[in-house]
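# Structural characterization, general
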Amino acid sequence: MLYQSTRGFDKKVTGAEAIAYGLADDGGLFVPQFFPSLRPEMLLKLVDETYSKRAAYIISLFMDDFDINELNEYTSRAYSCDFDNAGVAPLYELDSNTRFLELWHGPTCAFKDMALQIMPELLTASLKKTNETRSVCILVATSGDTGKAALEGFRDIPGTKIMVFYPRDGVSEVQKHQMISQAGDNVGVTAIEGNFDDAQRGVKEIFSDKTISDELNGSGYFLSSANSINWGRLVPQVAYYISAYNDLLKQGCIKPGEKINFCVPTGNFGNILAAYYAERMGLPVNKLICASNRNDVLTQFIKTGVYDRNRPFYTTVSPSMDILVSSNLERLLYELAGKDGTAVTSYMSSLSEKGKYSISGRVSDELNRVFYSGSCSEEDTMKTINGLYVNSGYLIDTHTAVAYKVLNDYRSETGDKSVSVVVSTASPYKFCESVLAALDIPVGSAGGVDLIDKLAEITGCEIPAPLLALKTAAVRFNNSVSLTGMKKAVMDFVGKR
Ligand SMILES: *Cc1c(COP(=O)(O)O)cnc(C)c1O
């Protein structure tokens, strides 16, 4: 299995190279040359395996330069006791045809752990396989959850350093505390004066700055990314869609071959893209439902075929979805266009010149074959959390609420009765202030991590241990920089050994 660039001009590389390089030289993203097929008998066989065995098998189908024993070792370390649920990614049964796939049982309580607990293993192995002798400096722009999950994944991993930039006024109190109290000798955290798109653009500029790479090279470092554009982030995510299907079979909720829906709260399009990859491998999927919050650029794209980022940016209660340019959509476009790198290049140049592009014909037919999309307002997000909790006692976070609302809209619009899995991307405790507000609970003067106690007191839901520990964690990083200060922050960080 080799990987090529979505822009189509670059040479083909191995899986290890795709992970080690992050981005292709022509500016595109690495994509597998073809989708390995997931045979129905294999899907049944995986039913009796543990999550880490399932994941190792799925990853091995894409990464034939890694052997299965090696991958089993990585997945069993990654999906271990740091997860507070033995199933790692369990299904919560709401009713006979609705499940929540809880992807937040890892050490940082958001779905990013599913990829970022194993990505450092894959990256360090990839660097060895590609004979890289320099150390890697990981740069991350985060809308909140990636930053913490990447810090936790790379903490004290030899031969790595990691620096995270987050939008100063764009993350929740708990998210911020998680990051600024991060432990580890190889970590750095800086707030930027701007939103997530600004942070992402700043990091992209640093990646393409020759002066910086030369200077870093001189000190024995090179830059890489842990954002979801890296193949090492994406491939582990394919596994939980297949694992969810295995569990539905195991529970007798579906028959072999039965098609199901996944509804995914979407921002950068990494999570739902992994679902699309699973579908292309042969997983029986009816619809992939892409749920947006008030920043509904993806919903408009899926409904109209026009991607237009020229619109206001809203800060919402589901901050991890506050994104106007979804990087991983480029990978989907590549497949929709029948692996046509020239077409992708022209969409992307139109996006950077005019802020928009449009698709038509068979490209949009393929999009509509699999995808449905809808958006959810701020008010409906809050009502959804409240309604579900009052009616069933199940507490969900703001992102998951967006997805659940959009699933309900989809069902009333289409009458589709297929079994549907709502992808639950964060513990409600990560977004306490919004969840408490949704439940109409006055918080008085309580703020910051004290809100965690408040939510526990009211709901009786167990506080995840890593969040409980925040209450006594010391702040290590409280600096912030302007957008123009990002380069210097990176140089200072790497200079510091
Ligand atoms: C990152 C994130 C999302 C969005 O996922 P994408 O892969 O960027 O589409 C949704 N919910 C939560 C809680 C997240 O952390």
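To start, this report covers the structure provided alongside it. (Residues numbered from 1 in each chain as written. Predicted model: local features only at pLDDT ≥ 70, side-chain atom pairs only at ≥ 80, totals over all residues. Heavy atoms only, no water.)

## Regarding the overall build of the protein chain
The condition is simple: Only runs of H or I of at least four residues qualify as helices and only runs of E of at least two qualify as strands under DSSP, and these elements are numbered from the N terminus. Each radius of gyration reported is based on C-alpha atoms, and the globular scaling rule is 2.2 Å times the count of residues to the power 0.38. Per-residue and other accessible areas follow the Shrake-Rupley method at a 1.4 Å probe size, with only the shown protein chains counted as cover for residues. In this charge count, Lys and Arg are treated as positive and Asp and Glu as negative; neither His nor the chain ends contribute. Think of each charge as sitting on NZ of Lys, CZ of Arg, CG of Asp or CD of Glu.
Each helix and strand counted, the protein chain has 22 helices and 15 strands in total. At 21 Å, the protein chain has a C-alpha radius of gyration in line with the 23 Å of a compact globule built from 497 residues. Structurally, the protein chain occupies a C-alpha span of about 60 × 55 × 50 Å along its principal axes. Here the protein chain has roughly 18100 Å² of accessible surface; of this, 48% comes from carbon and sulfur atoms. Averaging the locations of the 49 positively and 59 negatively charged side chains of the protein chain gives two centres separated by 3 Å.

## Notes on the packing of helix α3 (residues 51-62) against helix α4 (residues 68-78)
Condition: Every angle, taken between N-to-C directions, lies between 0 and 180 degrees, and every axis is a line fitted to C-alpha atoms, over only the stretch in contact when it is a helix. These descriptions rest on fixed angle ranges, namely under 35 degrees for roughly parallel, over 145 for roughly antiparallel, 65 to 115 for roughly perpendicular, and the rest for oblique. Put simply, a crossing is left-handed when the front helix is turned counterclockwise from the back one by less than a right angle, and right-handed when it is turned clockwise. By definition in these notes, contact holds between two residues if any of their heavy atoms fall within 4.5 Å. Basically, the charged four are Asp, Glu, Lys and Arg, the nonpolar ten are Ala, Val, Leu, Ile, Met, Phe, Trp, Tyr, Cys and Pro, and anything else, Gly included, counts as polar.
Where α3 meets α4, the closest approach of the two axes is 8 Å, and the angle between their N-to-C directions is 135 degrees. Between α3 and α4, the angle is such that the two are oblique. Where α3 crosses over α4, the two elements pack in a sense that is right-handed. Side by side, α3 and α4 meet where S52, K53, A55, A56, Y57, I59 and S60 of the first sit next to I68, L71, N72, T75 and S76 of the second. Classifying every residue of the contact of α3 with α4 by side-chain character gives 6 nonpolar, 5 polar and 1 charged.

## A word on the site of the ligand
To keep it simple, the criterion reads: Whether a residue is near a molecule or strand is decided by its heavy atoms; if any one of them lies within 4 Å of it, the residue is near. Pairs of N or O atoms are called polar contacts if they sit within 3.5 Å, as long as, within protein, a hydrogen donor faces a hydrogen acceptor (for residues adjacent in sequence, only side-chain-to-side-chain pairs).
Taken together, 15 residues are adjacent to the ligand, and K112, D145, G267, N268 and T425 come closest. A distance of 2.6 Å is found between an oxygen atom of the ligand and a side-chain nitrogen or oxygen belonging to K112. T425 places a side-chain nitrogen or oxygen 2.8 Å from a nitrogen atom of the ligand. Calculation on the ligand without its partners gives an accessible area of 380 Å², and the protein chains cover 97% of this total. Looking at side-chain class alone, the shell around the ligand contains 5 nonpolar, 8 polar and 2 charged residues.

## Brief notes about helix α16 (residues 361-370)
Rule in force here: Burial here depends on accessible area, computed with a 1.4 Å probe over protein chains only, as a share of the maximum for the residue type. Under 20% is buried, over 50% is exposed, and the range in between is partly exposed. The reported arc concerns the directions from the helix axis to the C-beta atoms and nothing else.
By the burial criterion, the buried members of α16 are V363, S364, E366, L367 and V370. The buried residues of α16 all sit within an arc of 155 degrees when viewed along its axis, so they share a single face. Along α16, exposed side chains directed more than 90 degrees from the buried face belong to R362 and D365.

## Details of the pairing of strand β9 (residues 260-265)
Keep this limit in mind: Two strands form a pair only when DSSP identifies at least two bridges running between them. Convention used here: a crossover is right-handed provided that the path from the first strand, over the helix, to the second strand proceeds clockwise when the strands point away from the viewer.
For β9, a buried count of 6 out of 6 residues is recorded, marking the element as mostly surrounded by other parts of the structure. In this sheet, strand β10 (residues 285-292) lies alongside β9 in parallel orientation, the contact comprising 5 bridges. When the bridges of β10 are listed, F262 appears paired with L288. Taken together, β9, helix α12 (residues 270-281) and β10 form a β-α-β motif whose crossover is right-handed. The pairing of β9 with strand β14 (residues 420-424) spans 3 bridges and is parallel. If you follow C263 over to β14, its bridge partner there is V422.

Limitation: the analysis is restricted to geometry and does not speak to function.
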